[in-house]
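# What the coordinates show
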Amino acid sequence: MRRREFITFLGGTAAVASRFLPALAQNPSKRPLIAAHVGGSKTVIERYFGGFSQGMRELGYVEGRDYEFEIRYANGDVNRIPPQIAELVRLKPDIIVSGTMAGVIAAKKLTDIIPIVAEGLTDPIGFRVAASHARPGGNVTGVLLTVEDLPTKLLALALEMVPSANKIGLLVNPGNPIQSVFQRSLEVAATALGVELIALEVPSPDDLQAAIQRLARQRVKMVVTLQDLMFLNERKRIALFAMAERLPTLFGYRENVEDGGLMSYGTDLRESYRRTATFVDKILKGAKPGDLPIEFPTKLELVINLTTAKALGIEIPPNLLARADEVIE
């Protein structure tokens, strides 16, 4: 081949390569990787997280065809969250979906680049993972776990169920960063309602029985247990310990009531997970997480266990019973 022909050949090859290399670099055949982390066990969280899969299907996404998926379960142990999040970050996913605020905080410490979509954001401004609800900035967005006046509503429900409840116990998991936020909000609400709130820390499942017995000795009229994965995993034992002390219970998760608790009022987590799929869809299509406003939960549900009420000798007010989204008999 003559020198001039060789140069022409190289020029033509470069031109062809310039047309196809960008496409190869973008690797359009590579499916985006969504990495999810949830705080509970697979059995406990499946009914909730199924909302995310449902939301993705509703938006036209099929796992294995349109995206790859990795998930880790903390099984109610907050100490497992940071290393599991670190493991997911090392996979370099396109998006991280977190079911806990502890997971969001752990992920935010490791990356400012990977978008983080959360189902249960709590005080994201106070925890410095978002600048505001309307314009989060950074790489975190999603749905809030609770609404602003939920603590007041919880205590109002407690007083409606047990009108004599002038003293209410609160179980707190000190390892859960959002528990302190909930506790402060409940203390403000209790003061406004003229209720004495007695909070006890429960660092581990082994401390549950002693804590409930101590609250009984202090003559509380009801025990409140807020959204926490350890308390969710230990729901059957909490119900048994409370029943042994003849103490009514109020929870943030409906599963606690399905397994013997008296009443729950809180966010419909399956619906919140379904809504996170909308955030994921927008980000996959080019939106920046910091430009997507953080949303408030739109559905709260009240669940009452009639069997537990009868065992405790509590007559549920008809108006409260009529407002319940579900009554378990």
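In this report, we go over the structure that sits alongside the text.

Cut-offs applied
- Residues numbered from 1 in each chain as written.
- Predicted model: local features only at pLDDT ≥ 70, side-chain atom pairs only at ≥ 80, totals over all residues.
- Heavy atoms only, no water.
- Helix = DSSP H or I, 4+ residues; strand = E, 2+ residues; numbered from the N terminus.
- Buried < 20%, exposed > 50% of the residue type's maximum accessible area, 1.4 Å probe, protein only.
- Contact = heavy atoms within 4.5 Å.
- Areas by Shrake-Rupley, 256 points an atom, 1.4 Å probe, with all protein chains shown as cover.
- Lys, Arg positive; Asp, Glu negative; His and termini not counted.
- Charge placed at Lys NZ, Arg CZ, Asp CG, Glu CD.
- Axes fitted to C-alpha atoms, helices over the stretch in contact; angles between N-to-C directions.
- Parallel < 35°, antiparallel > 145°, perpendicular 65-115°, else oblique.
- Left-handed = near helix turned anticlockwise from the far one by under 90°.
- Pairing = 2+ DSSP bridges.
- Expected span 1.5 Å × (residues − 1).
- Arc of directions from axis to C-beta.
- 1 Å grid on protein atoms, 1.4 Å probe; cavity = no way out; pocket = protein on both sides within 12 Å on 5 of 7 lines; lining within 4 Å.
- Points joined across faces, edges and corners; volume = space filled by probe spheres on them.
- Nonpolar A, V, L, I, M, F, W, Y, C, P; charged D, E, K, R; others polar.

### A short note on the overall build of the protein chain
A count of helices and strands for the protein chain gives 13 helices and twelve strands. Counting the 329 residues in the protein chain, one finds 51% classified as buried. Considering only intrachain contacts with a sequence separation of at least 6, the fraction spanning at least 24 residues in the protein chain is 72%. Accessible surface computed for the protein chain: about 15,800 Å², of which carbon and sulfur atoms make up 52%. Charged side chains in the protein chain number 39 positive and 37 negative. The centres of these two groups are separated by 7 Å.

### Re the packing of helix H7 (residues 208-217) against helix H9 (residues 235-244)
The N-to-C vectors of H7 and H9 enclose an angle of 30°; their axes lie 9 Å apart at closest approach. Taken together, H7 and H9 sit at an angle that is classed as roughly parallel. With respect to the hand of their crossing, H7 and H9 are arranged in right-handed fashion. Residue-level inspection shows Leu 208, Gln 209 and Ile 212 of H7 in contact with H9, the latter providing Arg 237, Ile 238, Phe 241 and Ala 242.

### Re the side chain of His 37
Note on placement: His 37 falls in strand E1 (residues 33-38). Discounting chain neighbours no more than four positions away, the residues touching His 37 are Arg 72, Ala 74, Ile 81, Gln 84, Ile 85, Leu 88, Val 97, Ser 98, Gly 99 and Thr 100.

### Some remarks on the sheet that holds strand E10 (residues 263-267)
On the basis of which strands lie adjacent, the open sheet formed by seven strands has the order E7-E6-E8-E9-E10-E11-E12 and mixed pairing. The open sheet is flanked by strand E7 (196-201) and strand E12 (326-328), the only strands paired with a single partner. Taken pair by pair, the neighbouring strands of this sheet meet at an average axis angle of 20°, ignoring direction. Here three bridges tie strand E8 (residues 222-225) to strand E9 (residues 249-251), and the two strands are oriented parallel to one another. When the sheet's bridge partners are listed, Val 224 is paired in E9 with Leu 250. With respect to the sheet, helix H6 (residues 179-193) is in contact with strand E6 (167-172), E7 and E8, its orientation differing from that of E6 by roughly 170°.

### Focus on H6
With 15 residues, H6 should reach 21 Å at 1.5 Å per residue; the first-to-last C-alpha distance of 21 Å fits that figure. Taken residue by residue, H6 has Gln 179, Val 181, Phe 182, Leu 186, Ala 189 and Ala 190 as its buried positions. Looking down the long axis of H6, one finds its buried residues gathered within 165° of arc, a one-sided arrangement. Seen from the open side of H6, the exposed residues pointing more than 90 degrees away from its buried face are Val 188, Thr 191 and Ala 192. Considering only its buried residues, H6 is in contact with helix H5 (150-161), E6, E7, E8 and helix H8 (229-233). Phi for Gly 194, located one or two positions after H6, is positive at around 70°.

### Overview of empty space enclosed by the protein
Within this structure, the stated rule accounts for four cavities of 30 Å³ or more. Roughly 230 Å³ of volume is contained in the largest cavity. Gly 99, Thr 100, Met 101, Leu 229 and Tyr 253 are, among the 24 residues lining the largest cavity, the residues nearest its centre. For the lining of the largest cavity, the secondary-structure elements that each account for two or more residues are helix H2 (42-58), helix H4 (101-110), strand E4 (116-121), H8 and helix H11 (269-284). Its residues assigned to classes, the lining of the largest cavity shows 15 nonpolar, seven polar and two charged.

### Concerning the environment of Leu 229
For Leu 229, the location among the structural elements is in helix H8. A relative accessible area of 13% means that Leu 229 is categorised as buried. Separated by 22 residues in the primary sequence, Leu 229 and Phe 251 have C-alpha atoms spaced 12 Å apart. Not counting the four nearest positions on each side in its chain, Leu 229 is found in contact with Gly 39, Gly 40, Gly 76 and Thr 100.

### So, the layout of surface pockets
As a volume, the largest pocket reaches approximately 300 Å³. Along its surface, the largest pocket is lined by 17 residues, and Asp 123, Thr 146, Val 147, Glu 148 and Val 181 are the ones closest to its centre. The biggest single contributor to the lining of the largest pocket is H6, with four residues. Residue composition of the lining of the largest pocket, by class: ten nonpolar, four polar and three charged. Taken together, 13 residues make up the lining of the second largest pocket; nearest its centre are Phe 49, Gly 50, Ser 53, Phe 69 and Tyr 73.

Function cannot be read off these values alone, since they describe shape.
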